[in-house]
Amino acid sequence: MKNIILIGMPGSGKSTLGVLLAKAIGYSFVDTDLIISRRAGKPLQKILDHEGLDAFLALEEEVGGELECSCTVVATGGSMVLSGRAMAHLRRIGTVVYVSVPFEEIRRRVKNIRTRGIAFHKNETLEDVFKSRSPLYERYADLTVEVGASSDIEETVERIAGMLGECGI
C-alpha cells in the first residue's frame, strides 16, 4: 500500500500532524529527521555544526532516497525537497502532501532557527528559506492542505484524511 509523505517548512507541524494522521488512518509513522539523527549518532544541529550543510543534505538525500516502508505516514525534514533524487523516490512510494503554512505563522512558530537543526546557509533568513522552498513544495505536492494560525490540529488531520479518501487512499 501507498505511504503518505508530508512535506513543508520547519514549524509547519508535519511531525505532530503525521503522528495523529497515522493513528486516524491506521498507518505507522516515521520521521526522517529522527532517522538522520540516529544514523549520524547525533542531533541534527550537531550534524550541521560539525559536518556542515552539504554533509547534512547528503545524509538527508540518502535517507529520503532509500526509505522503504508501506502503510506509513512519513514526516520529512523541511529541506528534503532540495533533493530531486529523494523526492522522486518518495513520490514513487507514496502520496505527497504539502502542509502549507503562511510565512507569518512559520515565523511565529520557529523561534530557534540557529539551534533547531534547520538546513540553511549561514547568510539566509527564515524568510529566504521560505521563499526558496515554497515553489519546491508546490512542485512535488500531490495534495496541499492549507494550515493557518487558527487551524485546529484535529480538524486538519480530518481534512487530510478526507483528501486522501477522495484520492482512494
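A few points on the structure.

Parameters and conventions
Throughout this document, residue positions are counted from 1 along each chain, in the order its sequence is written. This being a predicted model, a pLDDT of at least 70 is required before a residue's local features are given, and a value of 80 or more before pairs of side-chain atoms are given or counted; all residues contribute to the totals for chains, interfaces and linings. Derived side-chain values reflect all non-hydrogen atoms in the structure, with water molecules and hydrogen atoms excluded from consideration. For the purposes of this entry, the term helix denotes a DSSP run of H or I that reaches at least four residues, the term strand denotes a run of E that reaches at least two, and both are numbered from the N terminus. Put simply, the radius of gyration uses C-alpha atoms, and a globule should come to 2.2 Å times the residue count raised to 0.38. Think of it in three bands: with a 1.4 Å probe and only protein chains considered, a residue is buried below 20% of the maximum accessible area for its type, exposed above 50%, and partly exposed in between. The contact rule is simple, with two residues in contact once any of their heavy atoms fall within 4.5 Å. Surface accessibility in these figures is a Shrake-Rupley result with a 1.4 Å probe; residues are shielded only by whichever protein chains are displayed. In this scheme, strands are said to pair when DSSP sees at least two bridges between them. Throughout this description, a polar contact denotes any pair of N or O atoms lying within 3.5 Å of each other; where both atoms belong to protein, one of them has to be capable of donating a hydrogen while the other can accept it, and for residues adjacent in sequence the pair is counted only when both atoms sit in side chains. Centre distance within 6.5 Å is the pairing criterion for rings of Phe, Tyr and Trp, where only the six-membered ring of Trp is used; planes under 30 degrees apart are then read as stacked, over 60 as edge-to-face, and the remainder as tilted. Criterion for a charge above a ring: Lys NZ or Arg CZ within 6 Å of the ring centre, and within 35 degrees of the ring normal. Helix axes are fitted only over the stretch in contact, all axes being lines through C-alpha atoms; the angle between N-to-C directions runs from 0 to 180 degrees. To estimate the expected span of a helix, count its residues, drop one, and scale the result by 1.5 Å. Within this analysis, the arc is defined by the directions that extend from the helix axis to the C-beta atoms.

**Re the overall build of the protein chain**
Okay, step 1: A count of helices and strands for the protein chain gives eight helices and five strands.
Okay, step 2: Helices and strands in the protein chain line up, N terminus first, as β-α-β-α-α-α-β-α-β-α-α-β-α.
Okay, step 3: The C-alpha radius of gyration of the protein chain comes to 15 Å, within 12% of the 15 Å expected for a compact globule of 169 residues.
Okay, step 4: The dimensions of the protein chain, computed from C-alpha atoms along their principal axes, are 45 × 35 × 25 Å.
Okay, step 5: Of all 169 residues assigned to the protein chain, the portion counted as buried reaches 50%.
Okay, step 6: Considering only contacts in the protein chain between residues 6 or more positions apart, those separated by 24 or more positions represent 71%.
Okay, step 7: A total of about 8,100 Å² of accessible surface is found on the protein chain, and carbon and sulfur atoms cover 50% of it.

**Quick look at the pairing of strand 1 (residues 3-7)**
Okay, step 1: Counting buried residues along strand 1, five of its five residues qualify, which places the element largely inside the surrounding structure.
Okay, step 2: Burial along strand 1 is two-sided: Asn3, Ile5 and Ile7 and Ile4 and Leu6, pointing in opposite directions, are all buried.
Okay, step 3: Two strands pair when backbone bridges link them, and strand 1 and strand 4 (residues 94-100) are joined in this way by five bridges, in the parallel orientation. Along strand 4, the bridge assignment pairs Leu6 with Val97.
Okay, step 4: In this sheet, strand 3 (residues 72-75) lies alongside strand 1 in parallel orientation, the contact comprising three bridges. When the bridges of strand 3 are listed, Ile4 appears paired with Val73.

**A look at the environment of Glu51**
Okay, step 1: Along the chain, Glu51 turns up in helix 3 (residues 44-51).
Okay, step 2: Along the sequence, Glu51 and Glu62 sit eleven residues apart, while their C-alpha atoms lie 16 Å from each other.
Okay, step 3: A distance of 2.6 Å separates the side chain of Glu51 from the side chain of Lys42, its partner in a polar contact.

**Here's the deal with the packing of aromatic side chains**
Okay, step 1: Tallied over the entire structure, the rule returns two aromatic pairs.
Okay, step 2: The cationic tip of Arg139 hangs over the ring face of Tyr140; the distance from NZ or CZ to the ring centre is 5.6 Å.

**Digging into the side chain of Thr32**
Okay, step 1: Here Thr32 shows up in helix 2 (residues 32-40).
Okay, step 2: A distance of 3.2 Å separates the side chain of Thr32 from the backbone nitrogen of Gly77, its partner in a polar contact.

**Observations concerning the environment of Leu6**
Okay, step 1: Positionally, Leu6 belongs in strand 1.
Okay, step 2: Residue contacts for Leu6: discarding those within four places in its chain leaves Lys14, Leu17, Gly18, Val73, Val74, Ala75, Thr76, Val97 and Val99.

**Quick notes on the pairing of strand 3**
Okay, step 1: Alternating residues of strand 3 divide into Thr72 and Val74 and Val73 and Ala75, and every residue in both groups is buried.
Okay, step 2: Summarising the sheet, strand 2 (residues 28-31) and strand 3 pair through four bridges and their orientation is parallel. Each residue of the ladder has a partner; that of Val30, found in strand 3, is Val74.

**Focus: the sheet that holds strand 3**
Okay, step 1: Spatial ordering of the open sheet is given by 2-3-1-4-5, a layout of five strands whose pairing is parallel. Strand pairing shows two members of the sheet lacking a second neighbour, strand 2 and strand 5 (143-146), which therefore form its edges. Across the sheet, the mean angle separating the axes of adjacent strands is 20 degrees when strand polarity is ignored.
Okay, step 2: On top of the sheet, helix 5 (residues 84-93) reaches strand 1 and strand 4; it is set at about 115 degrees to strand 4, its chief contact.

**Side note on helix 1 (residues 14-25)**
An α-helical turn contains 3.6 residues, so a residue and the one three or four places further along point in the same direction.
Okay, step 1: In this model, helix 1 (twelve residues) spans 16 Å end to end at C-alpha, consistent with the 16 Å of a helix rising 1.5 Å per residue.
Okay, step 2: Of all the residues in helix 1, the buried ones are Lys14, Leu17, Gly18, Leu21 and Ala22. Buried positions in helix 1, seen along its axis, are confined to an arc of 130 degrees and lie on one side of it. Residues of helix 1 that are exposed and point more than 90 degrees away from the buried face comprise Lys23 and Ala24.
Okay, step 3: In this fold, the buried residues of helix 1 make contact with strand 1, strand 2, strand 3, strand 4 and helix 8 (153-166).
Okay, step 4: Just past helix 1, the residue Gly26 takes up positive phi, approximately 75 degrees.

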